[in-house]
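Survey of secondary and tertiary structure
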Amino acid sequence: MTKALVLDFGGVISKTLFETHALSEAALGLAPGTLDWRGPFAPEADAPWRAMQAGEMTERDYWTLRMSETGALIGETWTEFPQFIARVRGADPAAVIRPEALDAIAQAKAEGHRLAILSNELDLFYGEDFRKKLPFLADFNLIVDATYTGILKPDTRALDFVTDGLGMPASDCVFVDDQKKNLKGAEAVGMPFVHFDVTRPGESYATALGMLQADKVLP
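Residues numbered from 1 in each chain as written. Predicted model: local features only at pLDDT ≥ 70, side-chain atom pairs only at ≥ 80, totals over all residues. Heavy atoms only, no water.

Some remarks on the overall build of the protein
Counting secondary structure elements, the protein contains 11 helices and 5 strands. Against the globule reference of 17 Å for 219 residues, the protein gives a C-alpha radius of gyration of 17 Å, in line with a compact fold. Seen through its C-alpha atoms, the protein measures out along the principal axes to roughly 55 × 35 × 30 Å. Looking at the protein residue by residue over its 219 residues, the buried ones come to 47%. (Helix = DSSP H or I, 4+ residues; strand = E, 2+ residues; numbered from the N terminus. Rg over C-alpha atoms; globule rule 2.2 N^0.38 Å. Buried < 20%, exposed > 50% of the residue type's maximum accessible area, 1.4 Å probe, protein only.)

Focus on the packing of aromatic side chains
Applying the stated criterion to the full structure yields 15 aromatic pairs. For the pair Phe18 and Trp37, a centre-to-centre distance of 5.8 Å together with 85 degrees between the ring planes defines the contact as edge-to-face. One end of the pair, Phe18, is in the loop between β1 (4-7) and α1 (21-28); the other, Trp37, is in the loop between α1 and α2 (47-53), and 19 residues separate them in sequence. Both residues of the pair, Phe18 and Trp37, count as buried. (Phe/Tyr/Trp six-rings, centres within 6.5 Å; stacked < 30°, edge-to-face > 60°.)

Digging into the pattern of salt bridges
Once their charged atoms are close, side chains differing in charge can pair, the charge on each being opposite to the other. On inspection of all chains with the given rule, the structure shows 13 salt bridges. Of the charged contacts in the structure, one is a salt bridge between Lys153 and Asp8, with a shortest N-O distance of 3.0 Å. Within this pair, whereas Lys153 is found in the loop between α8 (146-149) and α9 (156-166), its partner Asp8 is found in the loop between β1 and α1, the two being separated by 145 residues in sequence. Note on accessibility: Lys153 and Asp8 belong to one class, buried. One continuous salt-bridge network, built from bridges that share partners, spans Asp8, Lys153 and Asp177. (Salt bridge = Lys/Arg side-chain N within 4 Å of Asp/Glu carboxyl O.)

Side note on the side chain of Asp46
Mapped onto the elements of the fold, Asp46 is located in the loop between α1 and α2. With relative accessibility at 0%, the residue Asp46 sits in the buried group. Here the side chain of Asp46 touches Trp49 through a polar contact of 3.1 Å, landing on its backbone nitrogen. In this structure the side chain of Asp46 is engaged in a polar contact, spanning 2.7 Å, whose partner is the side chain of Tyr62. (Polar contact = N/O pair within 3.5 Å; in protein donor to acceptor, adjacent residues only side chain to side chain.)

Some thoughts on empty space enclosed by the protein
With the rule as written, the count across this model stands at 1 cavity of 30 Å³ or more. Taken together, 24 residues make up the lining of the largest cavity; nearest its centre are Gly10, Gly11, Glu59, Trp63 and Tyr126. Every element with two or more residues in the lining of the largest cavity is listed here: α3 (59-73) and α6 (122-126). Here the element with the most residues in the lining of the largest cavity is α6; it accounts for 3 residues. Looking at the lining of the largest cavity residue by residue, the classes come out as 8 nonpolar, 8 polar and 8 charged. (1 Å grid on protein atoms, 1.4 Å probe; cavity = no way out; pocket = protein on both sides within 12 Å on 5 of 7 lines; lining within 4 Å. Points joined across faces, edges and corners; volume = space filled by probe spheres on them. Nonpolar A, V, L, I, M, F, W, Y, C, P; charged D, E, K, R; others polar.)

Describing the sheet that holds β1
Strand order across the open sheet formed by 5 strands is β3-β2-β1-β4-β5, with parallel pairing between neighbours. In this open sheet, the two strands that pair with only one neighbour each are β3 (142-145) and β5 (193-195). Strand-to-strand twist across the sheet, computed as the mean angle between neighbouring axes with direction ignored, equals 15 degrees. Judged from the 4 bridges that link them, β1 and strand β2 (residues 114-119) form a sheet pairing that is parallel. (Pairing = 2+ DSSP bridges. Axes fitted to C-alpha atoms, helices over the stretch in contact; angles between N-to-C directions.)

Re α9
Within the sequence span of α9, burial applies to Ala158, Leu159, Val162, Thr163 and Leu166. Mapping the buried residues of α9 onto a view down its axis gives an arc of 135 degrees, with all of them on the same face. Just past α9, the residue Gly167 takes up positive phi, approximately 70 degrees. (Arc of directions from axis to C-beta.)

Points about unusual backbone geometry
Cis geometry marks the peptide bond from Lys153 to Pro154; its omega dihedral reads 10 degrees. Mapped onto the fold, Pro154 is located in the loop between α8 and α9.

Let's talk about the pairing of strand β4 (residues 173-177)
In terms of burial, β4 is largely enclosed, as 5 of its 5 residues are buried. What you see with β4 is no split at all: Cys173, Phe175 and Asp177 on one side and Val174 and Val176 on the other are buried throughout. Pairing of β1 with β4 involves 4 bridges; the strand directions are parallel. Bridge pairing links Leu7 to Val176 in β4. As paired strands, β4 and β5 are joined by 3 bridges and run parallel to one another. The partner of Val176 across the bridge, within β5, is Val194.

The values reported here are purely geometric and, on their own, carry no functional implication.
If you want it as structure tokens, here you go:
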């Protein structure tokens, strides 16, 4: 039975910025350990992250804060997320793609399943040029990006873009996202889901692939 693996991008396919501080510090000429915000890896030491998780600030507001702080460290002012990403991640975006993601994408494709990305801010955050440097994205049947639709997860209309675009019912899809609040939309439309644990990416992908292989997909 053909099903669909629907992935968030940032955190699920790409490593989080929290995991790549060493790369960012090297790219910016900062001393090791300068970037000390760790989000889900040390929430007790990241008050803005806790506020975002509590719904007191948006994800975009969180990253706007980190963008401003990081730019100030090197005397630069960035007004757009792609400027931030280009500076901290350098010219090789493939270096921050999770190997577990590439393995899962390849396995799902080999098993005949369809592939989709559902992102709140793929091009807004990374810039269009980022996509061009990632050839594996050609394996995806559909990319839904709120940069253009204006509909943010967990709004159920975002999930409707996926099911309509794939021509598949929600029950035949497995949605993977690292932000728990984004899964509420999937739950509302009856789409099975996995809350991706950025500290255990291999386990999360194994769970998602197992759900694709099941005769009946359950959340």
